[in-house]
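# Summary of structural features
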Amino acid sequence: MFTGSIVALITPMDDKGCVCRASLKKLIDYHVASGTAAIVSVGTTGESATLSQDEHADVVLQTLELADGRIPVIAGTGANATSEGIALTKRFDNSGVVGCLTVTPYYNRPTQEGLFQHFKAIAESTDLPQMLYNVPSRTGCDMLPETVGRLSEIQNIIGIKEATGNLSRVSQIQELVHEDFVLVSGDDASSLDFMQLGGRGVISVTANVAAREMAELCALAQQGNFAEARRLNQRLMHLHQKLFFEPNPIPVKWAAKKLGLIATDTLRLPMTPITDAGRPVVEQALKYAGLL
């Protein structure tokens with residue numbers, strides 16, 4: 001459930017900015033058929049920052065309903081206030097989610113002790129497995145390996161999505177945690193290297209549009225077949241990179257629409273549609289990956 005190719009699922013919306021259930025079902029069916037290991041519902045790529053708490057919970061619950069037990073669902077539950085993180089997490093107690101992905105608090109830039117106390121309080125409020133999420137480029141807050149090591153001693157904190165892109169973090173964290181603690185990459189471009197160093201998989205943006213390829217990449221890495229994995233990853237590298245040509249999830253939503261996976265690439269303000277300059281860049285990356 002917390003290894004392999006885990007998709008950071010986009011939240012499809014209609015022209016009015018409401019969640020599009022038909023497209024959501026189509027996406028889930030696509031991932032089930034493609035061998036995706038699990039879905040993260042309403043993480044950063046799912047536009048958690050622009051959904052209300054009620055909408056956030058509703059999308060996760062719709063995803064659970066439409067998945068119908070065919071693929072595990074992990075709920076994104078991050079917040080910059082600990083009380084909000086606890087409240088959101090508790091909405092999913094006994095819901096059927098297999099765990100929660102909780103990003104470091106954004107904007108307020110807590111100390112390492114503040115981060116420890118934040119995640120400890122959330123973990124102690126629930127029995128659900130908790131996966132930490134460190135992405136300083138988004139949050140302005142970097143959770144250091146020593147803090148991860150302290151948090152790994154809490155029973156239901158079971159792993160971390162490490163999205164710094166700093167591969168030295170793998171060994172630094174491994175030295176401080178028990179062997180069952182799960183490390184997954186949050187950076188598609190460096191995820192294969194991350195797995196070769198001992199990571200268990202990737203929570204992927206690329207998997208939104210290259211689900212079968214990312215599942216195969218992770219399977220090859222788990223088998224230790226890194227020569228074949230690198231050949232596949234080279235074909236995907238332009239996509240890994242160009243899906244961030246403009247802020248995520250702008251390019252990946254456009255790419256998903258281009259491939260017919262969703263009906264529209266509508267985003268919530270302040271996110272705006274892909275630019276005229278961005279479209280050919282992403283289209284070329286899709287072609288290079290063999291998806292168009």
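Residues numbered from 1 in each chain as written. Predicted model: local features only at pLDDT ≥ 70, side-chain atom pairs only at ≥ 80, totals over all residues. Heavy atoms only, no water.

### Considering the nonpolar core
Formed by 59 residues in total, the largest nonpolar core has its most connected members in Phe92, Val209, Leu239 and Leu243. If we ignore the near neighbours within four places in the chain, the residues touching phenylalanine 92 are His56, Ala57, Val60, Leu61, Ala75, Thr77, Val97 and Leu128. (Core = buried A, V, L, I, M, F, W, Y, C linked by side-chain atoms within 4.5 Å. Buried < 20%, exposed > 50% of the residue type's maximum accessible area, 1.4 Å probe, protein only. Contact = heavy atoms within 4.5 Å.)

### Describing helix α12 (residues 278–288)
Buried within α12 we find Gly278, Val282, Ala285 and Leu286. Across the axial projection of α12, the buried residues extend over an arc of 100°, all falling on one side. Elements in contact with the buried residues of α12: α10 (226–242) and α11 (250–258). (Helix = DSSP H or I, 4+ residues; strand = E, 2+ residues; numbered from the N terminus. Arc of directions from axis to C-beta.)

### Focus: the packing of helix α1 (residues 21–34) against helix α2 (residues 53–67)
Their axes nearest at 10 Å, the elements α1 and α2 cross at an angle of 55°. By the criterion of interaxial angle, the relationship of α1 to α2 is oblique. For the crossing formed where α1 meets α2, the hand is right-handed. Contacts between α1 and α2 involve Arg21, Leu24, Lys25 and Ile28 on the former and, on the latter, Val59, Gln62, Thr63, Glu65, Leu66 and Ala67. In terms of residue class, the contact of α1 with α2 is built from five nonpolar, two polar and three charged. (Axes fitted to C-alpha atoms, helices over the stretch in contact; angles between N-to-C directions. Parallel < 35°, antiparallel > 145°, perpendicular 65-115°, else oblique. Left-handed = near helix turned anticlockwise from the far one by under 90°. Nonpolar A, V, L, I, M, F, W, Y, C, P; charged D, E, K, R; others polar.)

### Details of helix α4 (residues 112–124)
Along its 13 residues, α4 runs 18 Å from first to last C-alpha, staying within 8% of the 18 Å computed at 1.5 Å per residue. Within the span of α4, buried status applies to Leu115, Phe116, His118, Phe119, Ile122 and Ala123. Taken end-on, α4 shows its buried residues confined to a sector of 165°, consistent with a single buried face. On its buried face, α4 is in contact with α3 (82–90), β4 (99–103), β5 (130–134), α6 (145–151) and β6 (157–162). (Expected span 1.5 Å × (residues − 1).)

### Let's talk about the UniProt feature "active site" (unreviewed entry) in the protein
Feature annotation in UniProt assigns "active site" (unreviewed entry) to the following positions: Tyr133 and Lys161. Spanning 29 residues, the named residues form one tight spatial group whose C-alpha atoms are at most 4.7 Å apart. Along the chain, tyrosine 133 turns up in strand β5. For tyrosine 133, a relative accessible area of 7% corresponds to the buried category. When neighbours within four sequence positions are excluded, tyrosine 133 is seen to be in contact with Thr44, Leu101, Thr102, Val103, Thr104, Ile160, Lys161 and Ala163. Of note, lysine 161 is situated in strand β6. The class of lysine 161 is buried, set by a relative accessible area of 5%. Here lysine 161 is in contact with Leu101, Met131, Leu132, Tyr133, Asn134, Val184, Ser185, Gly186 and Ile203, once residues within four sequence places are set aside. (UniProt positions renumbered as here; feature names shortened; annotations may be inferred.)

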